Amino acid sequence: MLGKLNIAIVGCGPGGLATALFLQRHGHDITIFEQFAEPLPLGSGLLIQPSGQLILEMLGLLDRIKSMASPVIQLNGISVERNRRALDMRYSNTSEGIAALGIHRASLFAVLLEAIQKADIPIVVNSRLSAVEDGDNGIRPVFESGVNSGAFDLLIDATGARSPVAGGKVTRLNYGAFWATVDMPQAHCIMPAALDQRYYRASQMAGIMPIGLNPATGNPGAALFWSEKPENAGQVIESGIDRFQQNYCDLWPEAEPFVSQITSVEELNLAVYNHRTGLPSPTDRLFHVGDSWHCTSPQLGQGANMALIDAAALAAALERSASLSEAGERYRKARMTHIRLYQMLSVIFTPLYQSDSLLKPLIRDIAIHHFARMPFIRRFIAKTVSGNLALSI
Ligand SMILES: Cc1cc2nc3c(=O)[nH]c(=O)nc-3n(C[C@H](O)[C@H](O)[C@H](O)COP(=O)(O)OP(=O)(O)OC[C@H]3O[C@@H](n4cnc5c(N)ncnc54)[C@H](O)[C@@H]3O)c2cc1C
């Protein structure tokens, strides 16, 4: 079996932090590097699927996460043009019946970071990776700062969708979204415990999701999003917050108690979506976790969960292998089918909800209306969104 390794992990997202926790537990020496002066989460809410919850439970962090999150029992979407249900998924249709957890990114980050600090794993900040040098004595991260950290037995790239060292072609998706965090209003007409959305064709989409604690106010919170093409983002900002609120409420009048809390365009964060499927371990000393080798649109709500699963799978692969090349092969085998399947599903489903097509949303509205009621299809959709389709660690 492999002995104690000196491992560099670059990136303080869910993938990097979870990988560090697993690998330190297995007795390896870990150093984390992060580009920012202080590790911090960017963005608003996300869904932790039953698949991701399993990994957090393995890390002993699930109860803490639950205390900061909201259960999400259903994904619901209405096509306003035809007044038809265009998304209908209930977690009760999985064999386990476990709900997802809506959480603010900052809460997930805080719990993982606290565990890293408790485990005394060092984080070296201001370390922006630009390349790696793979030599006889190990692999050396090259940082923009010019600081030489020395060589490591293994480098794990967890730098996310814009990784400077991952292969594979990156495709920028036509649509991204504006996100904001608000408090859950005392009175509202949105479906409780659901991620709820409204669509006009596939060119407009508004969504609201409960996220447990709003870290900015300490109150129960919600994430609100609005589909937008990145090239139109400047125009949205210039038009001002009143216009944004008006557009949102034109599509979804009942969302007014949520969207009226956003009082300035500065509260809107534009998220740009990329798609890439690379290789998990292109060399014996360089492994990738999370978005660095498989990013996609968040339509299926899987990215952070996939990063957590990668972390557990990579640690298991190292634990069971006699060499780094064997570990790379085990890791690839454990993750490739699951990743490829979800990347493909994302390519198929994203344009049904975010695209300029007229035909695809029509197909969506007809298909969901007729087929999503069939028990077999319901179970399939529920298992897919739970993250458990073809999952093995
Ligand atoms: C708007 C939006 C909504 C989403 N909703 C969901 C959801 O509901 N459910 C879900 O599971 N996923 C969701 N995702 C996807 C999810 O956020 C990502 O898949 C997940 O964060 C990937 O984790 P990661 O650790 O691989 O990378 P990241 O979270 O991107 O973390 C990368 C880390 O690396 C650091 N870094 C980057 N470049 C460098 C560098 N060159 N050198 C050093 N450090 C670097 C960054 O600062 C960061 O700390 C969503 C994504 C977006 C944009």
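For the structure given in this document, a descriptive report is provided here. (Residues numbered from 1 in each chain as written. Predicted model: local features only at pLDDT ≥ 70, side-chain atom pairs only at ≥ 80, totals over all residues.)

Looking only at helices and strands, the protein has 11 helices and 20 strands in total. By the compact-globule yardstick of 21 Å for 393 residues, the protein fits well, its C-alpha radius of gyration being 21 Å. Projected onto its principal axes, the C-alpha positions of the protein cover 65 × 45 × 40 Å. Looking at the 393 residues of the protein, the share that counts as buried comes to 45%. Here the analysis covers contacts within the protein between residues at least 6 apart in sequence; of these, 74% occur between residues at least 24 apart. (Helix = DSSP H or I, 4+ residues; strand = E, 2+ residues; numbered from the N terminus. Rg over C-alpha atoms; globule rule 2.2 N^0.38 Å. Buried ≥ 20, exposed ≤ 12 C-beta atoms within 10 Å, placed from the backbone. Contact = placed C-beta atoms within 7 Å.)

Before going further, it helps to examine the site of the ligand. The immediate surroundings of the ligand are formed by 35 residues, with Gly-11, Gly-13, Gly-160, Gly-290 and Gly-303 found nearest. When residues of the shell around the ligand are traced back to their parent elements, those giving at least two are helix H1 (14-25), strand E3 (45-48), strand E13 (176-183) and helix H8 (303-320). The element contributing the most residues to the shell around the ligand is H8, with 4 residues. (Near = placed C-beta within 6 Å.)

Another aspect to go through is the packing of helix H2 (residues 50-58) against H8. Relative orientation of the contacting elements H2 and H8 amounts to 45 degrees, with a least axis distance of 8 Å. Classed by the angle they form, the pair H2 and H8 counts as oblique. Along this stretch, H2 crosses H8, giving a crossing that reads as left-handed. When H2 is examined against H8, the residues Ser-51, Gly-52, Ile-55, Leu-56 and Met-58 are found in contact with a partner set consisting of Ala-304, Asn-305, Leu-308, Ile-309, Ala-311 and Ala-312. A class-by-class count of the residues in the contact of H2 with H8 yields 8 nonpolar, 3 polar and no charged. (Axes fitted to C-alpha atoms, helices over the stretch in contact; angles between N-to-C directions. Parallel < 35°, antiparallel > 145°, perpendicular 65-115°, else oblique. Left-handed = near helix turned anticlockwise from the far one by under 90°. Nonpolar A, V, L, I, M, F, W, Y, C, P; charged D, E, K, R; others polar.)

A few words now on the pairing of E13. In terms of residue burial, E13 counts as a mostly covered element, since 7 of its 8 residues are buried. Note: E13 against strand E16 (residues 220-228), 8 bridges, orientation antiparallel. Considered in E16, the bridge of Val-182 is made with Ala-222. (Pairing = 2+ DSSP bridges.)

Looking now at helix H10 (residues 359-371). The end-to-end C-alpha distance of H10 is 17 Å, a good match for the 18 Å that 13 residues give at a rise of 1.5 Å each. Along H10, the positions that sit buried rather than exposed are Pro-361, Arg-364, Asp-365 and Ile-368. Summarising the axial view, the buried residues of H10 lie within an arc of 95 degrees, below the 170-degree limit, and thus occupy one face. For H10, exposure combined with an orientation more than 90 degrees from the buried face picks out Leu-359, Ile-363 and His-370. Where H10 is buried, its residues contact strand E5 (74-79), strand E6 (84-90), strand E14 (194-200) and helix H9 (324-353). (Expected span 1.5 Å × (residues − 1). Arc of directions from axis to C-beta.)

For the rest of this paragraph, the subject is the environment of Thr-283. If you trace the backbone, Thr-283 turns up in the loop between strand E18 (274-277) and strand E19 (286-288). Overall, Thr-283 belongs to the partly exposed group, with 14 C-beta atoms counted inside 10 Å. Sequence-wise, Thr-283 and Leu-324 are 41 residues apart; in three dimensions their C-alpha atoms are separated by 9.2 Å.

In this section: the sheet that holds E3. Taking strand neighbours across the sheet as the criterion, the 3 strands line up as E3-E7-E4 in an open arrangement whose pairing is antiparallel. With one partner strand each, in any of the chains shown, E3 and strand E4 (70-72) form the two edges of the open sheet. Along the sheet, successive strands turn relative to each other by an average axial angle of 35 degrees, direction set aside. With 4 bridges connecting them, E3 and strand E7 (residues 100-104) associate as antiparallel partners. For Leu-47, the partnering residue across the bridge sits in E7 and is Gly-102. On top of the sheet, helix H4 (residues 105-118) reaches E3 and E7; it is set at about 90 degrees to E7, its chief contact.

A separate point is the packing of H1 against H8. When two helices pack together, you describe them by how their axes are tilted relative to each other and by the distance separating the axes. With their axes 8 Å apart at the nearest point, H1 and H8 run at an angle of 25 degrees to one another. Comparing their axes, H8 and H1 come out roughly parallel. As H1 runs across H8, the sense of the crossing is right-handed. Taken together, the residues of H8 that come into contact with H1 (itself represented by Pro-14, Gly-15, Ala-18, Thr-19, Phe-22 and Leu-23) are Ala-304, Ala-307, Leu-308, Asp-310, Ala-311, Ala-312, Leu-314 and Ala-315. Taken together, the residues that form the contact of H1 with H8 break down as 11 nonpolar, 2 polar and 1 charged.

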